[in-house]
Amino acid sequence: MIGKGLARRALVLTVAAGCTATVVLTACSSSSGSSHHRSAAPATAGPVPRSFSATVDNPWFPLPPGRTLVYSGIKDGAKSPEYLTATHETEKITGIPCRVVADRLYTGRTLHEATRDYYAQDAAGNVWYFGEDTAELDAHGNMLSTEGTWRAGRDGARPGIFLPAHPVPGTAGQQEYYPGQAEDRFQILDLTSRVSVPYKTFTGVLRTKEWTPLEPGIVDNKYYVKGIGTVKQVTVKGGPLEENVLTAIRGY
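1. Quick notes on the nonpolar core
- If you look at the biggest cluster of nonpolar residues, it comprises 30 residues, and the most contacted ones within it are Phe61, Tyr119, Phe130, Phe162 and Leu163.
- Only strand S6 (82–93), strand S7 (96–107), strand S8 (110–122), strand S9 (127–137), strand S12 (158–163) and strand S15 (185–196) provide two or more residues apiece to this core.
- When neighbours within four sequence positions are excluded, Leu163 is seen to be in contact with Asn58, Trp60, Phe61, Asn126, Val127, Ile188, Leu206 and Tyr224.
- Counting 13 residues, the second-largest nonpolar core is a separate cluster that includes Leu69, Val225, Val231 and Val234.

2. Here we look at the packing of aromatic side chains
- In the structure shown here, the tally under the stated rule is eleven aromatic pairs.
- When the centroid spacing of 4.7 Å and the interplanar angle of 45 degrees are considered together, the rings of Phe61 and Phe162 count as tilted. Linking Phe61 in the loop between strand S3 (52–53) and strand S4 (68–75) with Phe162 in strand S12, this pair joins segments that are 101 residues apart in sequence.
- Residue class for Phe162 comes out buried when judged on its relative accessible area of 6%.
- In this structure an aromatic cluster arises from ring pairing among Phe61, Tyr119, Tyr129, Trp150, Phe162 and Tyr224.

3. Points about the environment of Phe162
- Sequence separation between Phe162 and Arg185 is 23 residues, and the spatial gap between their C-alpha atoms is 8.7 Å.
- In contact with Phe162, not counting residues within four places along its chain, are Phe61, Tyr119, Val127, Trp128, Tyr129, Gln175, Phe186, Lys222 and Tyr224.

4. A look at unusual backbone geometry
- In this model, Thr94 sits at a positive phi of 50 degrees, which is unusual for a non-glycine residue.
- With respect to the helices, strands and loops of the structure, Thr94 is situated in the loop between S6 and S7.
- On the basis of relative accessible area, Thr94 is assigned to the partly exposed category, the value being 35%.
- Its identity as a non-glycine residue notwithstanding, Asp155 has a phi of 50 degrees, on the positive side.

5. Some words on the environment of Tyr178
- Positionally, Tyr178 belongs in the loop between strand S14 (176–177) and S15.
- Here the alpha-carbon distance between Tyr178 and Thr149, two residues 29 residues apart in the chain, equals 9.4 Å.
- Here Tyr178 is in contact with Thr149, Trp150, Arg154, Asp155, Ala157 and Glu183, once residues within four sequence places are set aside.

6. Structural notes on the side chain of Thr235
- Tracing the chain through its elements places Thr235 in strand S18 (residues 229–237).
- A relative accessible area of 13% places Thr235 in the buried class.
- At a separation of 3.2 Å, a polar atom in the side chain of Thr235 contacts the side chain of Asp220.
- When residues no more than four places from it in sequence are discounted, the contact partners of Thr235 are Ile218, Val219, Asp220, Pro240, Leu241 and Glu242.

7. Quick look at the pairing of S4
- Sheet analysis places S4 next to S6, joined by four bridges and oriented antiparallel. Directly across from Tyr71, in S6, lies its bridge partner Glu82.
- As defined by bridge partners, S4 adjoins strand S19 (residues 243–250) across seven bridges and the pair is classed as antiparallel. Counterpart to Ser72 in the pairing with S19 is Val245.
- One ladder, built from two bridges, connects S4 with strand S5 (residues 78–79); its direction is antiparallel. Counterpart to Ile74 in the pairing with S5 is Lys79.
- Where S4 hands over to S5, the hairpin turn is made up of two residues, of which Asp76 adopts a positive phi near 55 degrees.

8. Regarding the pattern of salt bridges
- For the coordinates displayed, the defined rule picks out seven salt bridges.
- In this structure, Glu91 and Arg116 form a salt bridge, with 3.3 Å as the shortest nitrogen-oxygen distance. Separated by 25 residues along the polypeptide, Glu91 in strand S6 and Arg116 in strand S8 bring together distant segments of the chain.
- Taking relative accessible area as the criterion, Glu91 reaches 23% and is therefore assigned partly exposed.
- Of the charged contacts in the structure, one is a salt bridge between Lys232 and Glu243, with a shortest N-O distance of 3.8 Å. Of this pair, Lys232 sits in strand S18 while Glu243 is found in strand S19, placing the two residues eleven residues apart along the sequence.
- The network of salt bridges with common partners includes Glu89, Glu91, Arg116, Asp133 and Arg151.

Conventions and cut-offs
Residues numbered from 1 in each chain as written. Predicted model: local features only at pLDDT ≥ 70, side-chain atom pairs only at ≥ 80, totals over all residues. Heavy atoms only, no water. Core = buried A, V, L, I, M, F, W, Y, C linked by side-chain atoms within 4.5 Å. Buried < 20%, exposed > 50% of the residue type's maximum accessible area, 1.4 Å probe, protein only. Helix = DSSP H or I, 4+ residues; strand = E, 2+ residues; numbered from the N terminus. Contact = heavy atoms within 4.5 Å. Phe/Tyr/Trp six-rings, centres within 6.5 Å; stacked < 30°, edge-to-face > 60°. Polar contact = N/O pair within 3.5 Å; in protein donor to acceptor, adjacent residues only side chain to side chain. Pairing = 2+ DSSP bridges. Salt bridge = Lys/Arg side-chain N within 4 Å of Asp/Glu carboxyl O.

Functional significance is not addressed by these values, which are geometric in nature.
Now the structure itself:
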């Protein structure tokens, strides 16, 4: 919500031929230091293919093909190594060429979840999220569930801005929209954080708050480093502790 006395800053993106669909990123501030925000309304029409590329080189979230980010994590109280690989594959979703990112989450040494995420970047440098194909597996590699799978353009699902080209503290947005299944939102907190992970200690880090109305009361913080992307994600409010920290970078 936009509170009394708060300044509002909006970024409007044209994402459809013949009509203007908007994603509004709101940045709110006040002299008292308190802040409120309204999450972005997701796009209402399909983007124009020529405005997007599968080449994602936003400095805060680059996806160079062939690179793997390795994380050490805790999920449901257990160790959960995770590997994020920007593949050389692309896939068109609503006519948009998207970079395919393979996300492999383990419980111990057993592959627990395999996901294909789809990202694209618009001409302004904003990174968009177009969906994911998710498979939860049992200890023998058999599929248990595909819950969480969604793609823009199917069953009312729409893409969202995963990370803006020029993050500004207070800016908020919706990263994905598939009613009742995928409704993640974010707010930029600062660009001056310091964070230590097994890989390295970083300063000048972009810190965000992320949450979803599907899990009320649970809030995560994410930390992004220029030239790398996400280096840490941790639960800071509600729910069990979940944490992922960067341990290695491979193939780049």
